[in-house]
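Architecture at a glance
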Amino acid sequence: MSFFQASIEVSLRSSVLDPAGEAARSAAQSLGVEGITKLRIGKSIQLEIEAPTEAEARRRVEFLSDRLLSNPVIEDWSLELKNSSLPKAP
């Protein structure tokens, strides 16, 4: 078995309004930070998985990303998968 580190980035689709992002953009302007024309907020998920092959690890993480970690109706996700030598301590 091998260990793999996965980084999943989940973001709202561009067609979906982002009230939290708009509130943060407005707050940044209130703090005197100028020039922000767009601010969108998403999720970053890091996980480590044990699997026999990289292809199997990718399949499992893609399944999780589609079914658990994102809402496919309003969110898109991207995945970066790296081989890891040993599991990290919890």
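A short tour of the structure in this document, coming up. (Residues numbered from 1 in each chain as written. Predicted model: local features only at pLDDT ≥ 70, side-chain atom pairs only at ≥ 80, totals over all residues. Heavy atoms only, no water.)

1. Topic: the sheet that holds strand S3 (residues 75-84)
The condition that has to hold: Each pair of strands is called paired provided DSSP finds at least two bridges between the two strands. By the criteria applied, helices consist of DSSP H or I runs no shorter than four residues and strands consist of E runs no shorter than two, each listed in order from the N terminus. Each axis is a line fitted through C-alpha atoms, and for a helix only the stretch in contact is used; angles between axes span 0 to 180 degrees, taken between their N-to-C directions. Should any heavy atoms of two residues lie within 4.5 Å, those residues are considered in contact.
Pairing is antiparallel in the open sheet, where three strands are placed in the order S2-S1-S3. Across the chains shown, the open sheet's two edge strands, defined by having one partner strand only, are strand S2 (43-51) and S3. Averaged over neighbouring strand pairs, the angle between their axes works out to 20 degrees when direction is ignored. When strand S1 (residues 2-12) meets S2, the two strands line up antiparallel, connected through nine bridges. Counterpart to glutamine 5 in the pairing with S2 is glutamate 48. On the sheet, helix H2 (residues 54-69) packs against S1, S2 and S3 and is oriented at approximately 140 degrees with respect to S2.

2. Regarding the pairing of S1
Judged from the 10 bridges that link them, S1 and S3 form a sheet pairing that is antiparallel. Directly across from leucine 12, in S3, lies its bridge partner glutamate 75.

3. Details of the side chain of serine 65
Relative to the assigned elements, serine 65 resides in helix H2. Not counting the four nearest positions on each side in its chain, serine 65 is found in contact with Ile8, Ser70 and Trp77.

4. Here's the deal with the nonpolar core
Buried together is how nonpolar side chains tend to be arranged in soluble globular proteins. Heads up, the rule is: Take the buried Ala, Val, Leu, Ile, Met, Phe, Trp, Tyr and Cys residues and link them wherever side-chain atoms come within 4.5 Å; each set so joined is a nonpolar core. Three labels apply to residues, based on accessible area from a 1.4 Å probe with only protein chains included: buried if under 20% of the type maximum, exposed if over 50%, partly exposed otherwise in between.
Counting residues in each nonpolar core, the largest one holds 12 residues, listed as Phe4, Ala6, Ile8, Val10, Ile45, Ile49, Ala51, Ala57, Val61, Leu69, Leu79 and Leu81. For this core, the secondary structure elements donating two or more residues are S1, S2, H2 and S3. In contact with phenylalanine 4, other than residues within four places in its own chain, are Leu47, Glu48, Ile49, Ala51, Thr53, Glu54, Ala57, Leu81, Lys82, Asn83 and Ser84.

5. Here we look at the side chain of glutamate 75
Test applied: Identification of polar contacts relies on pairs of N or O atoms within 3.5 Å, with a donor-acceptor requirement for protein atoms, meaning one able to donate a hydrogen and the other able to accept it, and with residues adjacent in sequence counted only if both atoms are side-chain atoms.
Along the chain, glutamate 75 falls in strand S3. Note on glutamate 75: relative accessible area 13%, which makes it buried. Polar side-chain contacts of glutamate 75 include one of 2.7 Å to the backbone nitrogen of asparagine 71. Contacts of glutamate 75, omitting those with residues within four sequence positions, involve Val10, Ser11, Leu12, Arg13, Lys43 and Ser70.

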